[in-house]
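# Geometric and topological summary
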Amino acid sequence: MAARCRLAARFHHIHGANIRLDASHTQATRVESFANGLCFSLEPLAPGQIFLVEIEEKELGWCGHLRVGLTAHDPQSLEVVPEYSLPDLVNMGDTWVFAITRNHNRVVVEGEAVQAQGQPWEPFLLIERVRIPRDTLVGRSRPGRYSHILDDLYKMNVLPATARRSRIGVLYVPQPDGTADMHIVINGEDMGPSARGLPATRPLYAVIDVFASTKSVRVIPVDYGFPSLQTLCRLVIQKHIVHRLAIDGLDLPPLLKSFCQHE
């Protein structure tokens, strides 16, 4: 799964007419208008694998935000990339896409108990049998004059879903009946099943629609193994400082300072 994860953590070369990808195919920017911003993962996702993006740039003057989901259509099979994920791509069938809002879509079966969310400081997000390192999933603010006041708020996961630096991911979890549930994760919080009955035996690609006020997003790779040395260093440094602004005064390499403050 590790090799597939590395491949899928990039955008497909098939995308909407207004999208420009960077050289690494990890950043997608809509260069004009508010539509034709459809993007897909390079490879189908593995069961339980999250495709995670961070909102890098917003654009004022448009109504609407990022849309995410899954599709069973191979992007290379599309004669023309639809202008919109909703409703165009969804109307083609075998596609499940939702607009990102704070009160997100959730499908609850009658009589089913709502699964309790783990605490925001717990190291892993558990979605049924899937375990994902929570630290990578949470978007954080850029340090600024008042960022130390906001730090505790961001730890409690109140960063607006559609704000800059917010991180949003999509994955599917196989079910005993051979289908799958689609889950959307916003800043480390599982929004619950957004769609049920997906065909788990078919390849499912992530759909990212860089729509309206969302102008640019970047794919964030998720390490499912042990934390990297860089991550462990950051955790130790952050544990011994008052707030992120204090990192500027530490005798550390600039890249490590940036990682400690921003990631």
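Our subject is the structure that appears above.
Residues numbered from 1 in each chain as written. Predicted model: local features only at pLDDT ≥ 70, side-chain atom pairs only at ≥ 80, totals over all residues. Heavy atoms only, no water.

### Comments concerning the environment of leucine 86
Keep this limit in mind: Secondary structure counts use DSSP, requiring at least four H or I residues in a row for a helix and at least two E residues in a row for a strand, with both numbered from the N terminus. Residues count as neighbours in contact if any of their non-hydrogen atoms are within 4.5 Å of one another.
Looking at the secondary structure, you find leucine 86 in helix α2 (residues 85-91). With ten residues separating them in the primary sequence, leucine 86 and tryptophan 96 have C-alpha atoms 9.3 Å apart. Each residue touching leucine 86, except ones within four places of it in the same chain, is listed here: Arg67, Val97, Phe98 and Ala99.

### Some remarks on the sheet that holds strand β6 (residues 95-99)
Counted only if it meets this: Pairing between two strands requires that DSSP report at least two bridges joining them. Note on geometry: axes are lines fitted to C-alpha atoms, helical ones only across the stretch in contact, with angles between N-to-C directions running from 0 to 180 degrees.
Here we have four strands laid out as an open sheet, ordered β3-β12-β5-β6, and antiparallel in their pairing. The sheet is open, and its two borders are formed by β3 (38-40) and β6, each paired with just one other strand. For this sheet, the mean inter-axis angle between neighbouring strands, taken without regard to orientation, is 20°. Here strand β5 (residues 67-71) runs beside β6; their pairing, made up of five bridges, is antiparallel. Its bridge partner lying in β6, glycine 69 is registered against valine 97.

### Points about the sheet that holds strand β2 (residues 27-30)
One open sheet holds the seven strands; their spatial order is β1-β2-β13-β4-β9-β10-β11, and the pairing between them is antiparallel. For this open sheet the edge positions go to β1 (19-21) and β11 (189-199), each flanked by a neighbour on one side alone. Each adjacent strand pair in this sheet contributes to an overall mean axis angle of 25°, direction not counted. In the sheet, β1 pairs with β2 via three bridges, with the strands oriented antiparallel. Each bridged residue has a counterpart across the sheet, and for isoleucine 19 the counterpart in β2 is arginine 30.

### Describing the nonpolar core
Nonpolar side chains in soluble globular proteins tend to be buried together. Note the following rule: As used here, the term nonpolar core means buried Ala, Val, Leu, Ile, Met, Phe, Trp, Tyr and Cys residues forming a set that is joined through side-chain atoms within 4.5 Å. Note on exposure labels: buried denotes an accessible area under 20% of the residue type's maximum, exposed denotes more than 50%, and partly exposed covers the range between, all computed with a 1.4 Å probe on protein chains only.
Counting residues in hydrophobic clusters, the biggest one holds 33 residues, and the most contacted among them are Phe11, Phe51, Met182, Ile184, Ile208 and Val217. Listing elements by their share of this core, those giving two or more residues are β4 (51-58), β5, β6, β9 (167-174), β10 (179-186), β11, β12 (205-209) and β13 (214-219). Per-element accounting of this core gives the leading share, four residues, to β10. Judged by nonpolar contacts, the second largest core, of twelve residues, contains Val130, Leu171, Val185 and Ile220.

### Some points on unusual backbone geometry
Across the junction of leucine 86 and proline 87, the peptide omega takes the value 5°, indicating a cis bond. Structurally, the position occupied by proline 87 is in helix α2. Non-glycine residue glutamate 128 carries a positive phi angle of around 55°. Position of glutamate 128 among the secondary structure elements: in the loop between β7 (124-127) and β8 (130-133). Using a relative accessible area of 32% as the deciding quantity, one classes glutamate 128 as partly exposed.

### Considering the pattern of salt bridges
Pairs can form between side chains of opposite charge once their charged atoms are near each other. Applied cut-off: Within this document, salt bridges are pairs made up of a side-chain nitrogen of Lys or Arg and a carboxyl oxygen of Asp or Glu, the two lying within 4 Å of each other.
Considering all chains together, one arrives at eight salt bridges under this definition. The residue arginine 218 makes a salt bridge to aspartate 22 at a minimum N-O spacing of 3.6 Å. One end of the pair, arginine 218, is in strand β13; the other, aspartate 22, is in the loop between β1 and β2, and 196 residues separate them in sequence. For arginine 218, a relative accessible area of 26% gives the class partly exposed.

### A look at the side chain of glutamine 175
Quick note on the threshold: Polar contact is the term for a pair of N or O atoms within 3.5 Å; when the atoms are in protein, one must be able to donate a hydrogen and the other to accept it, and sequence-neighboring residues count only if both atoms are side-chain atoms.
For glutamine 175, the position within the fold is in the loop between β9 and β10. A distance of 3.0 Å separates polar atoms of two side chains, one belonging to glutamine 175 and the other to glutamate 128. Polar side-chain contacts of glutamine 175 include one of 3.5 Å to the side chain of aspartate 181. Excluding residues within four positions of it along the chain, glutamine 175 makes contact with Glu128, Ala180 and Asp181.

### Structural notes on the side chain of aspartate 209
Relative to the assigned elements, aspartate 209 resides in strand β12. Apart from residues no more than four positions distant in its own chain, aspartate 209 is found in contact with Gly37, Leu38, Leu66, Arg67, Tyr84 and Ser85.

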